[in-house]
Structure formats: C-alpha cells, structure tokens
Amino acid sequence: MSQSEFDVIVVGAGNAAFCAALAAQEQGAKVVVLERAPEEENGGNSRFTAGAIRFAYRGIDDLREVVPDLTPEEIANTDFGTYTEDQFFEDMFRVTRYRTDPALCERLVKSSFSTMKWLRGKGVRFVPIYGRQAFKIDGKFKFWGGLTLEFVGGGPGLLDQETTIARKNGIQIRYNARVTSLIHKDGVVSGVKVFENGATSEMHAKAVVLATGGFESNPEWRTKYLGPGWELAKVRGTRFNTGEGIRMGLEIGASAYGNWSGCHAVGWDYNAPEFGDLSVGDNFQKHSYPWGIMINAQGKRFVDEGADFRNYTYAKYGRRILEQPDQFAWQIFDKKVIHLLRDEYRIKRVSKVSANTLEELVTKLEGVDPAAALAHIKAYNAAVKKDVPFNPNVKDGRGTDGLEVPKSNWANTIDEAPFEAYQVGCGITFTFGGLRIDPETGQVMNSDMQPITGLYTAGEMVGGLFYFNYPGGTGLMSGCVFGRLAGDNAGKAATGK
Ligand SMILES: Cc1cc2nc3c(=O)[nH]c(=O)nc-3n(C[C@H](O)[C@H](O)[C@H](O)COP(=O)(O)OP(=O)(O)OC[C@H]3O[C@@H](n4cnc5c(N)ncnc54)[C@H](O)[C@@H]3O)c2cc1C
C-alpha cells in the first residue's frame, strides 16, 4: 500500500490511539497507526498502567455484560455495589473543584458504560480488581471507590489485546515513525510529515487523529507550564510523551484548553529512575499513606493523609511532596497496619528503612531532622481519637484532634514495633492541559472556536476534563471514550458517511 492510500492517520499507539483506530476502521476507513517508539517500548503510558478503568454501572447485571465470564462463586462472594452516573459526575465535579468542562464530562460519564460494552464487543477482556479495590468483610469481598474492573493483564495486557485486535482488523501499525508536523492549508489538515528510517516523508490522508499523550516527559515544558521545580520530578511512564502532538496542533492555530499548570502526580519511590521502567511498571508508586503518616525533612506532616479514599487524593499529593524542602517525604507505618500495605511496598527496588523503636526509626530517615520528627510523631499519637474504631473499608471518622494538619480518617497511633518507613518523591503521571475539542465530534477547535477540518484528538491531549486532581481510572476511560469519538468521526469524514 503506498503512503497516500490511507483514509485516516492515527498518531501514537497508546490506548486512545487504538480506540480511535478501531472506531475509524469500523466506518470502513483504511487506517494506519504511526508510533514514535520502537516496538519493544510501544504502548505509551497506557502500557505502564495497572489497567484500572472507571465507568458507571448500575449493579451486577451491567458488570456481567462487560465480564460475562464472572463465575457464580465470584458473584456470590462479592458485593460489587453500584457506581451510578450521578456518582461518577459527583466524583468528577468534586475532585476538579467544579472546573471540569460540563460537555466533556457529560460525554465521558454518559458514554462510559456503552464504551465498555463496545470494547468487550471488539474482544477486549476485563476482570474485577480484587487485589487493590476490594476488602474482605465477613468472608465477602466488598468493592469501594467506584473502581471495579481492570483490563486482563493490566496495562501490558490492555496494549497487547488492543494491538492484536487492531492488526486482526487490518490496521497497519508502524513503529519508529515519529510524526513531526501536520500538513495543512487554509485551515484544512490533509496529512502529516513523518520521520521514519532516517528520512522525513509526507503522508496524506483525509483525517488525522493525534493521540500522542501530554508533555509530562518534557522537562522544559514541565518547568515552563507546571512551574519551577517540576524539572525535578520523576516520570512514571513513557519517555516519549514530550508534547509533540500538542505542539503540532498549536502550530496550526488550535486552541489551548484546560489546566495547563496542572498534572497528575503521585508519591513515587524517591530513588526511582528518570522515566518509567516497564520491568517495575507502576510499582514505584506508594499509595498506602492513608493508613500511616507522611513527614517532610523538617519532621512535619504536611497533608491530611486520610482526607478521602486514596483514589481521590493520590493524584494531587505528588505535587504536595514536590513542594516540600528537598522534594521528598517519608511514609511511616507501624505493626498495626503493615499487613494492609499494597503489594508495591514489597518489591525489591524500594527505598525503605525499618526499626524496633521510634527513636531508632527517626535516625534512619535520610534527610530528616530526627528530634523534630520524634516530637511530631508523639504529638500526632496523642491527638488520635482512640475511641473511634478503625475501619479501612469506610471513611471511618477516626481522625485527630487539635493538630495544625489534621488527619480526618484512619488515624492510628504509631507506637507498635516493628516500624517501617518508605521514602517518596514526586512522580508525574500526565499533564492536564491540552487542546480544545468539539465534545460532539472529537474535532480539534481553533482559537476562533471553529473546528479544524481533518484534525481530531483524544486521550491525554484533550484539555478541559481534569483540573487540580483526578478520580483514579479515568485516564483510560477518557482515552476510550474520546478515542472512539474521534475515530468514529474521522472515519465518517474520510469515507463520506
Ligand atoms: C504508571 C502509570 C499508571 C497509570 N495507571 C492508570 C490506571 O490504572 N488507570 C487509568 O485510567 N490511567 C492510568 N494511568 C494514566 C494513563 O496511562 C493515561 O491516562 C492513558 O494511558 C493515556 O493514554 P493516551 O493514549 O492518551 O497516551 P499514551 O498511552 O501515553 O500514548 C501516547 C503515544 O504517543 C506516542 N507519541 C508521542 N509523540 C509522538 C510523535 N511525535 N509521533 C508518533 N507517536 C508519538 C508515544 O510514544 C505513546 O506511545 C497511569 C499512568 C502511569 C504512567
């Protein structure tokens, strides 16, 4: 097939790109996917995920449509609860402080379940997230936090499934193919310039879908848009998301939109490498802080570790860690909660110290003022409301009294040996600022608020959905919903449907 024989060019080969490619192909379009990374590093941030995906469901009957292979035992032994569209809206509004674009948010929430069914119809398989999103109560698993399913095989499984399905549907995938600019004239996009095999060539098509992720892996843009200090963050995922798609859109007059100084960033092993490492995946994250406390170099707590379920706080606490002196924190736990720590605390490459007394522990916390830390932990212990029972399954109200930085739930004294502490820095996941799209079509809008003919975008590149914070599992759903929307309309435009 010659290079100009494609109807739709999809740029990037992550989750949003594959959803766009499959939707465009469904419209009868001939589709090519151009991916900058070599094949062995393919899949963008999507491959690095745990594969957890958020969507609205009314109960077990809805779940069975998406996971038809749930066994009767699983159904009998599990309380899957519900996660209604209203709950999804409420979570989006609350965590974004009501800044999420209402039209984008509505499309995300209202299309979430039908998109899960669409993916299942394509052959994508999901399983319940028993390990991380459910607790066992009286012999029965109970899901919490509105996040119930993940792709079989997590992030790598997601990518492998989507890649196989795309190939089966005749979609061509080219690795080591870096798109450098858009071909356009008089406001119409008609192809891309691509650097491949040491040479740049032009590739023409009737529509282009950009799905090249955010600018999290570009330290210059991070410093410029997120602020000073952000060049020091570690990147949790792919090194290839350097904002090129966003740049290409802006170069031809696309409208910048959303929370350009905002991003998703978490507590991440302080000694993790500069970029994500696929052999470790997301295990450098350290998300069990609600069961303990976090202190900084001055020995002080600086966030309410129990403000909410971790799904609703983890994405904003990376920034708070970056703001601390020398950009680190230590998470501290005692015997009472160590069994509750997530699997990521038990990996080999972990920055951890243990001790049998608090006095010994504080001397082992690299970079921390030990006397201040000891005094602070003791003051925290004294402030815990010991008469309220601890319950990790609900917001238990077991908080603290009279502290400058309160802990609202799950406050336990730290006084029973052994003690463990984990050093975390800031790990950036993805950036929130991007391009403005028409929520009805996925088409990129220009700064005159007119759609740019032939140009669509999806995934992390879409601006306006997330502000300040983010409900876990929404990135993949956003990629699926807006990827499908963009691909569907690009395919229709290209085939004249
Ligand atoms: C460690 C980690 C864990 C996560 N866990 C979850 C989770 O469990 N659930 C969830 O919902 N979200 C999770 N996320 C967020 C999620 O990864 C993203 O929201 C989502 O994968 C973004 O998909 P995307 O298709 O927009 O981008 P990506 O999957 O990053 O794909 C972008 C692709 O574009 C390519 N590209 C870039 N520039 C060019 C160019 N010039 N030419 C050609 N190709 C280019 C890149 O190489 C990349 O392959 C996690 C992220 C990380 C890093």
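Residues numbered from 1 in each chain as written. Predicted model: local features only at pLDDT ≥ 70, side-chain atom pairs only at ≥ 80, totals over all residues. Heavy atoms only, no water.

## A short note on the packing of helix α1 (residues 15-26) against helix α9 (residues 154-168)
1) Next: Two elements in contact, α1 and α9, have axes whose closest approach is 10 Å; the angle formed by their N-to-C orientations is 25°. Compared by their axis directions, α1 and α9 come out roughly parallel. Considering how the two elements wind past one another, α1 and α9 form a crossing that is left-handed. Along the contact surface, α1 presents Asn-15, Phe-18, Cys-19 and Leu-22, while α9 presents Leu-158, Leu-159, Glu-162, Thr-163, Ile-165 and Ala-166. (Axes fitted to C-alpha atoms, helices over the stretch in contact; angles between N-to-C directions. Helix = DSSP H or I, 4+ residues; strand = E, 2+ residues; numbered from the N terminus. Parallel < 35°, antiparallel > 145°, perpendicular 65-115°, else oblique. Left-handed = near helix turned anticlockwise from the far one by under 90°. Contact = heavy atoms within 4.5 Å.)

## Thoughts on helix α5 (residues 85-95)
1) Next: Regarding α5, the residues found buried are Phe-88, Phe-89, Asp-91, Met-92 and Val-95. The arc that holds every buried residue of α5, seen down its axis, measures 160°, which confines them to one face.
2) Next: Summarising the contacts, the buried residues of α5 are in contact with α6 (102-110), α7 (112-122) and α16 (474-495).
3) Next: Positioned one or two residues after α5, Arg-97 has a phi angle of 50°, which is positive. (Buried < 20%, exposed > 50% of the residue type's maximum accessible area, 1.4 Å probe, protein only. Arc of directions from axis to C-beta.)

## A closer look at the pairing of strand β12 (residues 199-204)
Walk down a regular strand and you will see the side chains alternate between the two sheet faces.
1) Next: Taken together, the six bridges between strand β11 (residues 188-196) and β12 define a ladder with antiparallel strand orientation. For Phe-195, the partnering residue across the bridge sits in β12 and is Thr-200.
2) Next: Hairpin connection of β11 to β12: two residues between the antiparallel strands, including Asn-197 at a positive phi of 50°. (Pairing = 2+ DSSP bridges.)

## Quick notes on the nonpolar core
1) Next: Residues Val-8, Phe-126 and Phe-482 are the most contacted members of the largest nonpolar core, which totals 89 residues.
2) Next: Beyond its immediate stretch of four places on either side in the chain, Phe-482 contacts Leu-104, Arg-107, Leu-108, Ile-437, Thr-457, Ala-458, Val-462 and Leu-465.
3) Next: The next biggest cluster of nonpolar side chains, apart from the first, holds 36 residues, and it includes Met-203, Leu-210, Ile-252 and Cys-426. (Core = buried A, V, L, I, M, F, W, Y, C linked by side-chain atoms within 4.5 Å.)

## Remarks on the site of the ligand
1) Next: Looking at the ligand, there are 40 residues lining it, with Glu-35, Asn-45, Ser-46, Ala-52 and Asn-241 nearest.
2) Next: Ser-46 is positioned such that a nitrogen or oxygen atom in its side chain is 2.5 Å from an oxygen atom of the ligand.
3) Next: The side chain of Asn-241 places a nitrogen or oxygen atom 2.7 Å from an oxygen atom of the ligand.
4) Next: Protein chains bury 97% of the 1,000 Å² of accessible surface belonging to the ligand in isolation.
5) Next: Sorting the residues of the shell around the ligand by element identifies α1, α2 (44-48), β10 (177-185), α11 (244-251), β20 (419-431) and α16 as the ones contributing at least two each.
6) Next: A per-element tally of the shell around the ligand places α2 first, with four residues.
7) Next: Of the residues contributing to the shell around the ligand, the split by class is 15 nonpolar, 18 polar and seven charged. (Near = heavy atom within 4 Å. Polar contact = N/O pair within 3.5 Å; in protein donor to acceptor, adjacent residues only side chain to side chain. Areas by Shrake-Rupley, 256 points an atom, 1.4 Å probe, with all protein chains shown as cover. Nonpolar A, V, L, I, M, F, W, Y, C, P; charged D, E, K, R; others polar.)

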